[in-house]
Amino acid sequence: MKRESGRKVQKGNIGAAKAIADVIRTCLGPRAMMKMLLDPMGGIVMTNDGNAILREIQVQHPAAKSMIEISRTQDEEVGDGTTSVIILAGEMLSVAEQFLEQQMHPTVIISAYRHALDDMLDMLKDISTPVDVNDRAQMLKIINSAICTKALSRWSTMACNIALDAVRTVELEEHGRKEINIKLYAKVEKTDIEITREEDFSRILQMEEEYIQTICEDIIRLKPDLIFTEKGISDLAQHYLMKANITAIRRVRKTDNNRISRACGARIASRTDELREEDVGTGAGLFEIKKIGDEYFTFVTECKDPKACTILLRGASKEILAEVERNLQDAMQVCRNVLLDPSLLPGGGAVEMAVSKRLMERSKTLTGVEQWPYRAVAQALEVIPRTLIQNCGASTIRVLTSLRAKHTLEACASWGVNGETGTLADMMELGICEPLAVKAQTYKTAVETAILLLRIDDIVSGIKKKGDDQAGGGQGAE
């Protein structure tokens, strides 16, 4: 058994977190750098998407692994903001290091961090502005601000329209509750028988033919034009269906089958003898097969009230297609978040500076040692605008000082860093916005990650001795 404890563990955890944050740091903003990642099979991934990078990199330190796993919940919850989470969590652990060196107990730091998080969430609601989700131009501007830092920015107009149309298609409202399931319904486009006699084999073939004919008769009875199945279709079954002028598509994925049924109003049945007239979907208007490039694609279009869709991407290489797909998923997630919680915040580090200023003011009302870690959270938030300035090559000290001065003025909470030029600008005028849901979840995940790693003061790892297995095997044999 190997054991590490005390300050050594805490310093090690903070060092690992800072190392992960340094890897991701240059992926923030419109001037973000790309990372080239090599997988174990020799494949190459080129991306500046934080979540994609974290999925590919392999780390050994347990704290770094924990940090990566927790940050992935950000993508599962709101589908965006993973890069900011890692940078913020790394900075919050970095500013906590000085208090640990001063022998301040981790519980005191954690209590201050939790207090700051509650205040930060309240401040975000105060700063946020409502959104009219029926204003298409405004929605497109919001989605564009999310993908303008990605590889997809060259085709942003088309991508934003596709993302908005796709999310609007799968939007479903029941009993006053909105459901927008992008993962399921908005897809971006990949018994034994023992035979002893010869006559038994002939009889089995005859039984199979009779069974196939019965299944086909059950389907033909309902007079559909088109059927989809997740299983295979034999040549004999195809013969019966073709005679009845029915087109059959076989080996459809379960997820695709769910979307097709939702788009045309059909019900998926497991047995043909249970089929009823109302199971047949009549919402689709046109079925066609097209050859695009070297592949054939099946289209079900002109649906009456589709609640599912497919987005078809074409590109020069699989690496470009993979990156475009990731960017498009981000765009759809942003659209979904705004529809579910129609509130906006200014981007470009403006929110972080506004919240930092308010936290600094509030820390003056606190008493005791807790006020210092609370104030450190306010300082840590400045890492976002500072990173944006660094990534576009501007003077960090000069621009950040000017931004602090700007936020001391009235009605300047929306001023941040223009990630293209490194100068100060009103983010709302530039159209650089972030959904409240994403920003709130970013702060929650970053603070919770920092708290979790601060609470660890012992790492125990069990090491199996080589002779143990052999000794155990020998006793069992006796």
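What you see is a predicted model; the values in this text were computed from it and never measured. (Residues numbered from 1 in each chain as written. Predicted model: local features only at pLDDT ≥ 70, side-chain atom pairs only at ≥ 80, totals over all residues. Heavy atoms only, no water.)

Student: Would you explain unusual backbone geometry in this entry?
Tutor: Glycine aside, residues mostly have negative phi, and peptide bonds are mostly found in the trans state. Positive phi values are uncommon outside glycine, yet K223 reaches one of about 55°. Relative to the elements of secondary structure, K223 occurs in the loop between helix 9 (198–220) and strand 8 (226–228). Looking at K223, the relative accessible area reads 71%, which means it is exposed. (Helix = DSSP H or I, 4+ residues; strand = E, 2+ residues; numbered from the N terminus. Buried < 20%, exposed > 50% of the residue type's maximum accessible area, 1.4 Å probe, protein only.)

Student: Whenever I open this one, the sheet that holds strand 4 (residues 129–130) confuses me. Can you help?
Tutor: The strands that make up a sheet are held in pairs by hydrogen bonds between backbone atoms, and each pair lies either parallel or antiparallel. Pairing within the open sheet is antiparallel, and its 3 strands lie in the order 4-13-16. For this open sheet the edge positions go to strand 4 and strand 16 (433–435), each flanked by a neighbour on one side alone. Relative to strand 16, strand 13 (residues 343–346) runs antiparallel, the two sharing 3 bridges. Residue pairing for strand 16: P346 is matched across the bridge by C433. Packed on one face of the sheet, helix 18 (residues 436–454) meets strand 13 and strand 16 and runs near 75° to strand 16. (Pairing = 2+ DSSP bridges. Contact = heavy atoms within 4.5 Å. Axes fitted to C-alpha atoms, helices over the stretch in contact; angles between N-to-C directions.)

Student: I'm lost on the pairing of strand 10 (residues 286–292) in this one. Help?
Tutor: For a regular strand, side-chain orientation follows a simple rule: the groups alternate between the two sheet faces. As judged from the 7 bridges shared by strand 10 and strand 11 (residues 295–301), these two strands associate in the antiparallel manner. Residue pairing across strands places K291 opposite Y296, the latter belonging to strand 11. Connecting strand 10 to the next strand, strand 11, in antiparallel fashion are 2 residues, including G293 with a positive phi near 70°.

Student: I would appreciate a short explanation of the environment of V45 in the present structure.
Tutor: Examined against the element boundaries, V45 turns out to sit in strand 3 (residues 44–47). Under the relative-accessibility criterion, V45 is labelled buried at 15%. The sequence separation of V45 and K125 amounts to 80 residues, and the corresponding C-alpha distance is 38 Å.

Student: Before we go on, may I ask you to explain the environment of A284 in this structure?
Tutor: Inspection of the secondary structure puts A284 in the loop between helix 11 (254–264) and strand 10. For the pair formed by A284 and M353, sequence separation is 69 residues and the distance between their alpha carbons is 51 Å. The residues touching A284, leaving out its near neighbours within four places in the chain, are C264, V300, T301, E302 and C303.

Student: Just checking my understanding: could you explain the packing of helix 14 (residues 371–381) against helix 15 (residues 383–391) for this structure?
Tutor: Helix-helix packing is characterised by the crossing angle of the two axes and by the distance between the axes. At their nearest, the axes of helix 14 and helix 15 sit 5 Å apart, and the two run at 25° to each other. Between helix 14 and helix 15, the crossing angle belongs to the class labelled roughly parallel. Contacts from Q379, A380 and L381 of helix 14 reach helix 15 at V383, I384 and P385. When grouped by side-chain class, the residues that make up the contact of helix 14 with helix 15 number 5 nonpolar, 1 polar and no charged. (Parallel < 35°, antiparallel > 145°, perpendicular 65-115°, else oblique. Nonpolar A, V, L, I, M, F, W, Y, C, P; charged D, E, K, R; others polar.)

Student: I keep staring at the side chain of S356 and nothing clicks. Help me out?
Tutor: Within the secondary structure, S356 is located in helix 13 (residues 350–363). In terms of polar contacts, S356 uses its side chain to reach the backbone carbonyl oxygen of A378, at 2.7 Å. (Polar contact = N/O pair within 3.5 Å; in protein donor to acceptor, adjacent residues only side chain to side chain.)

Student: For this particular structure, what's the right way to read the packing of aromatic side chains?
Tutor: Aromatic ring pairs: the centre-centre distance and the angle between the two ring planes describe each pair. If you walk through the whole model with that rule in mind, you get 0 aromatic pairs. Against the face of F299 rests K290, its NZ or CZ located 5.2 Å from the ring centre. One residue, K406, lies across the ring of W415, its end atom 4.2 Å from the ring centre. (Phe/Tyr/Trp six-rings, centres within 6.5 Å; stacked < 30°, edge-to-face > 60°. Lys NZ or Arg CZ within 6 Å of the ring centre and 35° of its normal.)

Student: Would you mind showing me how to read the nonpolar core here?
Tutor: Nonpolar side chains tend toward joint burial in soluble globular proteins. Counting 69 residues, the largest nonpolar core has M92, Y113, M120, L124, V355 and L359 as the members making the most contacts within it. Considering each element in turn, this core owes the most residues, 11 residues, to helix 5 (residues 106–127). Contact partners of V355, with chain neighbours within four places excluded, come to M120, M123, L124, I127 and L381. Among the nonpolar cores identified, the runner-up in size contains 37 residues, and V131, I142, I311 and L344 belong to it. (Core = buried A, V, L, I, M, F, W, Y, C linked by side-chain atoms within 4.5 Å.)

Student: I would appreciate a short explanation of the environment of A440 in the present structure.
Tutor: Here A440 lies in helix 18. With relative accessibility at 15%, the residue A440 sits in the buried group. Once the C-alpha coordinates of A440 and M428 are considered, the two residues, 12 residues apart in sequence, prove to be 19 Å apart. Not counting residues within four places of it along the chain, the set of residues in contact with A440 comprises L121 and L124.

Student: What is the right way to read the packing of helix 6 (residues 136–147) against helix 12 (residues 318–340) from this model?
Tutor: At a closest axis distance of 9 Å, the pairing of helix 6 and helix 12 adopts a crossing angle of 135°. Overall, the two elements helix 6 and helix 12 adopt an arrangement that is oblique. Taken as a pair, helix 6 and helix 12 cross one another with a handedness that is right-handed. Residues M139, I142, I143, A146 and I147 of helix 6 form the contact with helix 12, whose own contacting residues are N327, A331, V334, C335, V338 and L339. (Left-handed = near helix turned anticlockwise from the far one by under 90°.)

Student: I'm lost on a nonpolar patch on the surface in this one. Help?
Tutor: Together, M34, M36, L38, I44 and M46 give the surface a local cluster of nonpolar side chains, amounting to about 510 Å² of exposed area. Elements that contribute at least two residues to the nonpolar patch include exactly strand 2 (35–38) and strand 3. Take I44: its relative accessible area is 38%, and that puts it in the partly exposed class. (Patch = residues over 30% accessible without salt bridge, like charges linked within 9 Å, V, L, I, M, F, W, Y side chains within 5 Å. Areas by Shrake-Rupley, 256 points an atom, 1.4 Å probe, with all protein chains shown as cover. Salt bridge = Lys/Arg side-chain N within 4 Å of Asp/Glu carboxyl O.)

Student: Quick question: what am I supposed to make of the confidence of the model for the protein chain here?
Tutor: In the predicted model, the protein chain carries a mean pLDDT of 82, and 91% of its residues have values of at least 70. Counting contacts from residues 470–478, a segment whose pLDDT is below 50, to residues more than four positions away or on other chains yields 0 contacts. (pLDDT = per-residue confidence, 0-100.)

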